[in-house]
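Listed below, chain by chain, are the residues.
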Amino acid sequence: MKNLLKYIVSRVLLTIPMLFILLSLVFVVLRVMPGDPVSAMLGDHAPAHVIREKQLELGLDKPIFVQYLNYLGQIARFDLGESMVYKQRVVDTMKDKLPATVELTVIAMIFTLLIGIPLGAFAASKRRSARDFGIRLYGNIVYCIPVYWMGLMLQLLFGIFLNWLPIAGRTSARTFVTDFARSNFYIIDTIVAGNWAALGDVLIHIFLPSLTLGITLSGVFLRLTRANMLDTLKSDYVLAARARGIPEKHVVYRHALKNAFIPILTMLGLQFATLLAGAILTESTFSWPGIGRLLLERIYLRDYPVIQGVIVVYALLVSLISMLVDIIYAFIDPRVKY
Amino acid sequence: MKRLSLVLLVLFMTVSVGIVAAAPKTLVYGTTDKVSDMDTANAYDIHTWDVFQNIDKGLLAYEPGTTKIIPALASAFTVNDKGDEFTFTLRPGLKFTDGTPFDASVMKWSIDRVVALKGDPSWLISDYVKEVTVKDPLTVVFTLKQPCAFFPTLIATPTYFPLNPNDFPADKIIKDISELKSGSLSGLGPYKLTSFKRDEEAVFEANPAFYGPKPDVGRIIIRYFADATTMRLAFEKGEIDLVYKSLNPSDIKDLSANKKYVTNRLPGPQIRYLCFETSQSIFKDKVLRQAIAALVNRPEIIQKVYLGQNSPLYSMVANGMIYQTQDFKTVFGDGNVALANKLLAKAGYTAQKPFAFDLWYTPSHYGDTEVNMAEVMKAQLEKSPAIKVTLKSAEWATYKDNWHKKVMPAFLLGWYPDYVDPDDYTAAFAGTSGSEGMGIYFSDKKWDDLFTIEQGSPKDSVRKDVFVKVQKMWTDEVMTVPIWQGDMYIFTKPNVSGVKLGPTLIFNYSELKLK
Amino acid sequence: MDRKSNTGAAAEAAFSPAAGMGRLFRWLSEKNKRYGAEWWIMIAGILIIALIVFAAVCPTVFTKFDPLDQNAGTQLGAPNAEHLFGTDNLSRDIFSRMMYGSRTILGVAIAAALVSSLIGIPLGLLSGFIGGWFDKTLSLVMDSLYSFPGLILAISFAAMLGPGVINITVAVAVIYIPTYFRLVRGQTLTIKEELYVEAARAIGAKRSMILFKYIFPNVIATVVVVFSLNIADAIMTEAALSYIGLGLPGSIPDWGMDLSMGKKFLPSGVWWMITFPGVMIMILALGFTMLGEGLAEILNPKLLEK
């Protein structure tokens, strides 16, 4: 237990240099960008002296190096600062956007696993058959489908032509979120509030975006599951199980799949970054009010603190997940020493 | 027994009818706009100003749907002969929702607060007003820095609205209504804002303390949409009763064609135009600017890019506004290639030696149709063999930076007026200081003098002369080329009426009626 | 002209059509036996790429329309015999825009993959070979970049640089440097310990000699595979950047931008403006993926299984 704790601490410490490097890079990239948040926010009509005063107020006149040190000091105090464009703290800006992104990615990950793992296992059990080939082709194709395009096509089919599913937003206009929103994880909020009608509305809205995101990543898991299953199906104990006359279905789905699970778990951590990148595009296609959309919106306005804040949150999310995966991995695989 | 049940039934029915009657009529209104700051000291955008127009009032106001100034919180006002001192007589007995009385000192407090907090629009006061004095509880005097003929229109902007001193903090700008002492935003207008979740929804309820008639729709709920497509679909599903701003041209086309909905098409105050950097760019030569003006084909742009929506504009002064003339139509017309070729030849450019320049646009600030507008204009300009256009684009923050750095020789811009007066459509581009702020850098004493005359004179005939002259001169200098004026579309379900939206673009919710 | 057909005839005489076909068939079936499906996947990938490259080089073979012509057809016309993919809101022929647009996406993706490999490979070689604090620092930086969602980095860079062909190439290239770095560094570390490298060192070979003669050639096989997969990825990234409006200024046909233009016509049922650009992006990315997968299986069957 003590070892595990030590391991966790060292993992946490490792994320600090990573955060530092990313932040520095983004900071430099942002500040050499042409464009000025002040004149963007003040509208067309502000006289020059007003713009100048605002720049002084925000400290944009100071040398970049000084601004950088100030910002690092701020981050060290766990303070993400205040938006330059709207008078709002960065944390407050993200408060209801982050849960939207997390909800979307988690449901998408569930879809990914539900599609990818069974297909991969099935393909492995029918190795070199036409079905195996077909499934692998599916894996390759979905990997090459741009996630936003898939989203648009699903919108066109289910939202416009068939008119079965909503294609944008987290709720319909007649669902009043102020009635239940507390944590801004709407699925949890509606369950806590016991508002089943709203829960139904929330679920039907998250269905298409998360399915879209889930499908595009399912190819990766399909391939991984298949490869690992092929290895385990060749291993001694599977042969032994077969020799004992255990039905092939049991061998494949009980014994072999269980063992193929550890590498899949590792992959889960690695692919989370891909999922987040895909989420930006999905959010923008489905008008999903997450931090990806926020990032795009504020990049256009050069709202430095919010952009940096979103990057920090993304980096934290990625390291948090990979850390979590490592720890779970350490728990279930006794060979790993901390 | 029977009689008792009958009595009970009647009683029950009365009560239930009573309850139904007590629930206010509710209208859901969808928009893609955003609220910036819930504070007149920093709010400087159309939608937030709209919110304040509905929950508060100025000393003067616009008659709904027109540009006519009418008394509001002030019952009357007088101007001194020089035109730099305005005295307002306040309506007696006005109170904020919490009982705080409204008087001259509240007015002065509110104006001083905006100036002191130095928020984004504070220059709308500080550039004009020298001082506000309380003469007696019902009389307030605005002394101006210089005579200003359009001061009544300024007074009608939300920056000049009174705020409740018991609710708003004196020393800081607030962002959300949760920062207010009362927790809801109320002024002296027909509604109060009772609940607000940023980018999600805002709930307005009738303000019982309002001095005017009670609005027909007791409860207005605004749903904020992230994009036009979602909003359109929600409207088609019947989730919202009214959509206003901003739909894509394709959505407007489809909804207009649908008999199930009521289409309100109104001329809006927004104008779009092409700007030239006139001080040092390749467009320093005004003959070249004239050539471009001749090549622009407004009806084609409107048809191709906006599917027939919006109206061609032949003067920087918006259509339907006093003193407007159509000089660009008479002098240049549309797509006048022959004239352009002649002008270009005069400047030394021919098909063999074409005039090449960068045309800039900004891809999202004016909606994603902007790239199409630039592409169509490029094709129109290149109808003259003596022109070669390269399209360049930059996001808004960079775009603004670029014009201050004089990087862009020709660029597309749009304008929403601060106050609805021809002055705001002309001096802002051709006057030395305004022109500098727009990246045009045009400066001519003759023009500046004309604007000073017009701004200082309350006389209609004097101002008319100036504006007619200025519009004529515009076709010679062509520091900008007017292209089109935006039409505003409001779609409603058939049971909604009373949509009034004039050139001021103020949307009065209290005028709405719901069957 | 005559001479040309003469040489043609001579060539035909040397390799009679029947013999040529037979030889080709034998060769293919032999490969099929050896590599199975992977072989065909690679061939299909190469065919896809060849076709699109051909369209990019000579678009006029496929279409008579100018991709910028705003009077090519009717406004928002559905696909028909004349306009195979329909026309867009500015009445431009979409098929022609697809043909010409392939230049943009191919150019950007290949250039970006080249740039990132030209930076990533030498850095990886050096880092793995030299080791020490240099390796540690560089690895940390590269790992940080690698673990971060690449598209977000690309978005930041693209926004900073503004629209333009070179700018978007740089933005795409940046995010793939760590891929090459990690791959090459890992391989270098392994090969460094191999017996023949030890031997070369023992007989006093120069460090640069070891690097270029022994390590580099061994690394390059894997790099070829990754390069092809990288182009597929870069295609997707370029299209994504264009889709969110960070790509190119107007008047340059570009698949991602055409797709985003079509997005707002979706509720009106204008399916052709979004369908075809997406199909093109997918097919092109698929071509390079298939080539890469096939190559991987043939050059090093173990590579992708990991």
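Fair warning: this is a prediction, and the values are worked out from it, not measured in the lab. (Residues numbered from 1 in each chain as written. Chains lettered and ligands numbered in written order. Predicted model: local features only at pLDDT ≥ 70, side-chain atom pairs only at ≥ 80, totals over all residues. Heavy atoms only, no water.)

1. Considering the environment of B:Tyr29
Residue and element names in this part refer to chain B. The following threshold applies: Put simply, DSSP marks the helices as runs of H or I at least four residues long and the strands as runs of E at least two long, and each gets a number from the N terminus on. Think of it in three bands: with a 1.4 Å probe and only protein chains considered, a residue is buried below 20% of the maximum accessible area for its type, exposed above 50%, and partly exposed in between. The contact rule is simple, with two residues in contact once any of their heavy atoms fall within 4.5 Å.
If you trace the backbone, tyrosine 29 turns up in strand 1 (residues 26–31). Judged by relative accessible area, tyrosine 29 falls into the buried class, the value being 0%. Separated by 222 residues in the primary sequence, tyrosine 29 and aspartate 251 place their C-alpha atoms 17 Å from one another. Residue contacts for tyrosine 29: discarding those within four places in its chain leaves His47, Ile220, Ile221, Ile222, Arg223, Leu242, Tyr244, Phe507 and Tyr509.

2. Description of the interface of chain A and chain C
Heads up, the condition is: What gets called buried area is simply the loss in accessible area from a 1.4 Å probe that two parts show on being joined, summed for both. Salt bridge criterion: a side-chain nitrogen from Lys or Arg within 4 Å of a carboxyl oxygen from Asp or Glu. Whenever two N or O atoms come within 3.5 Å, that pair is a polar contact, provided that in protein one can donate a hydrogen and the other can accept it, and provided that, for residues adjacent in sequence, both atoms are side-chain atoms. Each residue is assigned to one of three groups, with Ala, Val, Leu, Ile, Met, Phe, Trp, Tyr, Cys and Pro labelled nonpolar, Asp, Glu, Lys and Arg labelled charged, and all others, Gly among them, labelled polar.
Facing the 45 residues of chain A at the interface are 44 residues of chain C. Note on chain A versus chain C: buried area summed over both sides is about 4,100 Å², and carbon and sulfur give 77% of it. It is A:Cys144, A:Tyr148 and A:Trp149 that lose the most area in chain A upon contact with chain C, and together they represent 15% of the buried surface on that side. The interface formed by chain A and chain C contains one salt bridge. Taking the shortest distance from any N to any O, the salt bridge between C:Glu293 and A:Arg223 comes out at 2.5 Å. Along the contact surface separating chain A from chain C lie nine residue pairs in polar contact (both at pLDDT 80 or more). Elements that contribute at least two residues to the side of chain A that touches chain C include exactly helix 1 (2–32), helix 7 (130–144), helix 8 (147–161), helix 10 (196–233), helix 13 (261–285), helix 14 (291–301) and helix 15 (304–332) of chain A. In terms of residues, the side of chain A that touches chain C owes the most to one element, helix 8 of chain A, which gives eight residues. Split by residue class, the side of chain A that touches chain C holds 37 nonpolar, four polar and four charged.

3. Things to note about the confidence of the model for chain B
All names here are of chain B. Short version of the rule: A residue's pLDDT is simply how confident the predictor is in it, with values from 0 to 100.
Summing up the model confidence of chain B, the mean pLDDT is 89 and the portion of residues at 70 or higher is 96%. Counted against residues more than four places away or in other chains, residues 12–21, with its pLDDT under 50, gives zero contacts. In the predicted assembly, ipTM is 0.85 and pTM is 0.86.

4. Things to note about the interface of chain B and chain C
Counting from both sides, the interface comprises 24 residues of chain B and, opposite them, 20 residues of chain C. In total, chain B and chain C occlude about 1,800 Å² of area from one another, counting both sides; carbon and sulfur atoms represent 51% of this. Here chain B and chain C share two salt bridges between them. Between B:Asp368 and C:Lys264 there is a salt bridge whose closest N-O contact spans 3.6 Å. No other element matches helix 12 (residues 370–381) of chain B, which puts six residues into the side of chain B that touches chain C. Of the residues contributing to the side of chain B that touches chain C, the split by class is eight nonpolar, seven polar and nine charged.

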